[in-house]
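# Report on the structure
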Amino acid sequence: MNPRREPRGGRSALFDGIEEGGIRAASSYSHEINEHENDRALEGLQDRVILLKRLSGDINEEVDAHNRMLDRMGNDMDSSRGILSGTMDRFKTVFETKSSRRMLTLVASFVGLFLVIYYLTR
């Protein structure tokens, strides 16, 4: 056969083993780098998960505190409503009576109280 092709074929056979070894070495090195990057990413994700867990716990505590505050406020409003309805019932009984003397006394006392407060703040 052709003598020139044999050295080329021998040379390619010789370099093929080195190139494959080089590729394998680069591949294993790349695999180690990828594994290291994956480990770092996994640690970052774990930190984020821990942070999100703490944050969700804090949000839960805050929501519970606000719910308790709203319940207390609702109870206070109910008691205030009871007191105001009692006061309105008393006013109704006063205004339902046809006594003009009582009405005059009530109006005069409101005007007097207003004037006292006005002069005290002045």
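Just so we're clear, the structure is a prediction, and the values are computed from it rather than from any experiment. Note on numbering: residues in each chain are counted from 1, in written sequence order. Whole-chain, interface and lining totals are the exception, using all residues; otherwise, since this is a predicted model, local features are given only for residues with pLDDT of at least 70 and side-chain atom pairs are given and counted only at 80 or more. Each side-chain value is derived from all of the structure's non-hydrogen atoms; neither hydrogens nor water enter the calculation.

Attention now goes to the overall build of the protein. Numbering of helices and strands starts at the N terminus; helices are DSSP runs of H or I of at least 4 residues and strands are runs of E of at least 2. From N to C terminus, the protein includes 2 helices and 0 strands. When accessible area is computed with a 1.4 Å probe and restricted to protein chains, residues below 20% of their type maximum are described as buried, those above 50% as exposed, and intermediate ones as partly exposed. A burial count over the protein gives 1% of its 122 residues as buried. Using a 1.4 Å probe, accessible areas were evaluated by the Shrake-Rupley method; residue-level cover was limited to the displayed protein chains. Working note: accessible area of the protein is about 11600 Å², and carbon and sulfur atoms make up 60% of it.

With that out of the way, let us pick up the confidence of the model for the protein. Summarising the model, the protein shows a mean pLDDT of 79, and 75% of its residues fall at 70 or more. Segment residues 17–25 is flagged for pLDDT under 50; beyond a separation of four residues in sequence, or across chains, it makes 0 contacts in the model. Note on scores: pLDDT gives the predictor's confidence for each residue, bounded by 0 and 100. Should any heavy atoms of two residues lie within 4.5 Å, those residues are considered in contact.

What follows is about the packing of aromatic side chains. The description of an aromatic ring pair rests on the distance of the ring centres and on the angle between the ring planes. For Phe, Tyr and Trp, rings pair up if their centres lie within 6.5 Å, where Trp contributes its six-membered ring, and each pair is then called stacked (planes under 30 degrees apart), edge-to-face (over 60) or tilted (otherwise). Taken as a whole, this structure holds 2 aromatic pairs when the rule is applied. With a centroid separation of 6.4 Å and an interplanar angle of 20°, the aromatic rings of F114 and Y118 are classed as stacked. One end of the pair, F114, and the other, Y118, are both in helix α2 (residues 100–121), 4 residues apart, so they sit about a helical turn from each other. You can call Y118 partly exposed: its relative accessible area is 42%. For the ring pair Y118 and Y119, a centre distance of 5.5 Å and an interplane angle of 70° mean the geometry is edge-to-face.

What follows deals with the pattern of salt bridges. Salt bridges, as used here, are contacts in which a Lys or Arg side-chain nitrogen is within 4 Å of a carboxyl oxygen on Asp or Glu. Enumeration according to the criterion identifies 1 salt bridge in this entry. The partner of D78 in a salt bridge is R81, and the shortest N-O contact between them spans 3.3 Å. Taken together, the residues span about one helical turn, with D78 and R81 both in helix α1 (residues 5–96) at a distance of 3 residues. Since its relative accessible area comes to 44%, D78 is described here as partly exposed. Residue R81 is classed as exposed on the basis of its relative accessible area of 55%.

Residues enter a patch when their relative accessible area is above 30% and they make no salt bridge; the linking distance is 9 Å between like charges and 5 Å between nonpolar side chains (Val, Leu, Ile, Met, Phe, Trp, Tyr). On the surface, M88, F91, F95, M103, V107, F110, V111, F114, L115, Y118 and Y119 cluster together to form a nonpolar patch covering roughly 1100 Å² of accessible area. Contributing elements (two or more residues each) for the nonpolar patch: α1 and α2. The biggest single contributor to the nonpolar patch is α2, with 8 residues.

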